[in-house]
Amino acid sequence: MIEFGSTSAIPVTILTGFLGAGKTTLLNRILTGNHGLRVAVLVNDFGSINVDADLVVGLEDDVMSLANGCVCCSIRDDLIETVEAVLARPEKPEYIVLEASGVSDPSSIAMTFTDQKFRDMIRLDSLMCLVDAEQLFAAPEQMELKLRQIAFSDMVILNKVDLVDRAAVQKVHDWLGSRFRRYRLVEAVNADVPLDILLSVGRFAAEQLETTIPDHHEHGPDCGCDHSDHSDSFSTTMMKAERPISLSSLRNAIRKLPGDVYRLKGFVFSEEDPDHRILVQVVGKRMDIARDGAWGHRKRETRLVAIGAPGALSEYELSDALLATA
Ligand SMILES: Nc1nc2c(ncn2[C@@H]2O[C@H](COP(=O)(O)OP(=O)(O)OP(=O)(O)O)[C@@H](O)[C@H]2O)c(=O)[nH]1
């Protein structure tokens, strides 16, 4: 049985959910919310560029970035060291929020936070899972992971309900209801949920980690293999370019990406608007390309990261696809 820390322990909220479900969006809501807490933020991106850390509002120097791996496995030690560093700060945080990578298994992360080592210092408050109402049934080969992310959480935020009709929302409810005996769910648009169901709710219960994962008939029963570093299920590819690229060509190239590229995100130095950073967000087949702030003192360059099935895209193919047409 896992023991909880003392009541003076710093609460921790973990945000989990599949790639692109809305974790950073929720994190930003928490950070801009009216709670008056000194929050330490840990952001984990599976790819080698931590785009998310760059998108966290107003805390440029205060975000602890964990990139190039997943905190549930390959860079778990980095997570432990980062938590130790946060706890050693002269001005201790009053709250810790971790945005896990979209490929992570939350049970392993929860175990890090409930470890004896941190017993009196931190207390796992809640493990929240963002679910993308539009994309939940996309990439059925990843359903086992999506189920694990939901199963180990104490709250599901069914996000992006603006992108689907009520019948599709009901389909998600029915699907969850047929797999989980009990679950808590709140629907949201842009992860807009009340702060009082997010922070210091004390919902996490150690029993969550003993949950059995429902069968996922979409892809047969659990294969039982070792998902130790996700390399058997995911690959990540990065692209950097210093010369400006054409946005219209980029749009065309993105439309042609293979279907097993689940996520593409990053910043573009564009021909059309060279003074502003362009933010690219691709989740499944949905693409959003929008003007971000001025480059200011930042280096003008394109940095994009793609995550997909193993071998979905080589570095060469990504650069070729995105630059050849520039
Ligand atoms: N239409 C719509 N878009 C949303 C909503 N929530 C988030 N988005 C968009 O979805 C994209 C992905 O959102 P993020 O918050 O970056 O998702 P994430 O889970 O942090 O992504 P990863 O860290 O890459 O796994 C962004 O373009 C968001 O603006 C929503 O409720 N509705």
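Per an unreviewed UniProt entry, the chain is named GTP-binding protein, and its organism is Ruegeria atlantica. Note on the chain: under the UniProt heading Catalytic activity (unreviewed entry), the record states "GTP + H2O = GDP + phosphate + H(+)". Looking at the chain in UniProt, the text filed under Function (unreviewed entry) is "Zinc chaperone that directly transfers zinc cofactor to target proteins, thereby activating them. Zinc is transferred from the CXCC motif in the GTPase domain to the zinc binding site in target proteins in a process requiring GTP hydrolysis."

(A) Spotlight on the environment of Leu279. Of note, Leu279 is situated in strand β10 (residues 276-283). Here the alpha-carbon distance between Leu279 and Leu304, two residues 25 residues apart in the chain, equals 9.6 Å. Ignoring sequence-local partners within four residues, the contact set of Leu279 consists of Phe267, Ala290 and Asp292.

(B) Examining the sheet that holds strand β8 (residues 235-241) more closely. The sheet built from five strands is open, its strands ordered β8-β12-β9-β10-β11 with antiparallel pairing. Lying at the two open borders of the sheet, with one neighbouring strand each, are β8 and β11 (286-294). For this sheet, the mean angle separating the axes of adjacent strands, direction not counted, is 10°. With six bridges connecting them, strand β9 (residues 261-268) and strand β12 (residues 302-308) associate as antiparallel partners. When the sheet's bridge partners are listed, Gly266 is paired in β12 with Leu304. The strands that helix α7 (residues 247-255) touches are β9, β10 and β11; relative to β11, the one it contacts most, it runs at about 150°.

(C) Structural context of the pairing of strand β6 (residues 155-159). By the criterion of burial, β6 is predominantly enclosed, with five of the five residues buried. Side-chain alternation along β6 places Met155, Ile157 and Asn159 on one buried face and Val156 and Leu158 on a second face that is also buried. Taken together, the five bridges between strand β5 (residues 122-132) and β6 define a ladder with parallel strand orientation. Looking across to β6, one finds that Val131 is bridged to Leu158. Since β5 and β6 lie parallel, the crossover through helix α5 (residues 143-151) that links them has a hand, and here it is right-handed. Sheet topology places β6 next to strand β7 (residues 185-187); three bridges connect them, and they run parallel.

(D) Structural detail: the environment of Thr211. Note on placement: Thr211 falls in the loop between β7 and β8. For the pair Thr211 and Met239, spaced 28 residues apart in the sequence, the C-alpha separation amounts to 39 Å. Beyond its immediate stretch of four places on either side in the chain, Thr211 contacts Ala151 and Phe152.

Conventions adopted
Residues numbered from 1 in each chain as written. Predicted model: local features only at pLDDT ≥ 70, side-chain atom pairs only at ≥ 80, totals over all residues. UniProt positions renumbered as here; feature names shortened; annotations may be inferred. Helix = DSSP H or I, 4+ residues; strand = E, 2+ residues; numbered from the N terminus. Contact = placed C-beta atoms within 7 Å. Pairing = 2+ DSSP bridges. Axes fitted to C-alpha atoms, helices over the stretch in contact; angles between N-to-C directions. Buried ≥ 20, exposed ≤ 12 C-beta atoms within 10 Å, placed from the backbone. Right-handed = clockwise from strand over helix to strand, strands pointing away.

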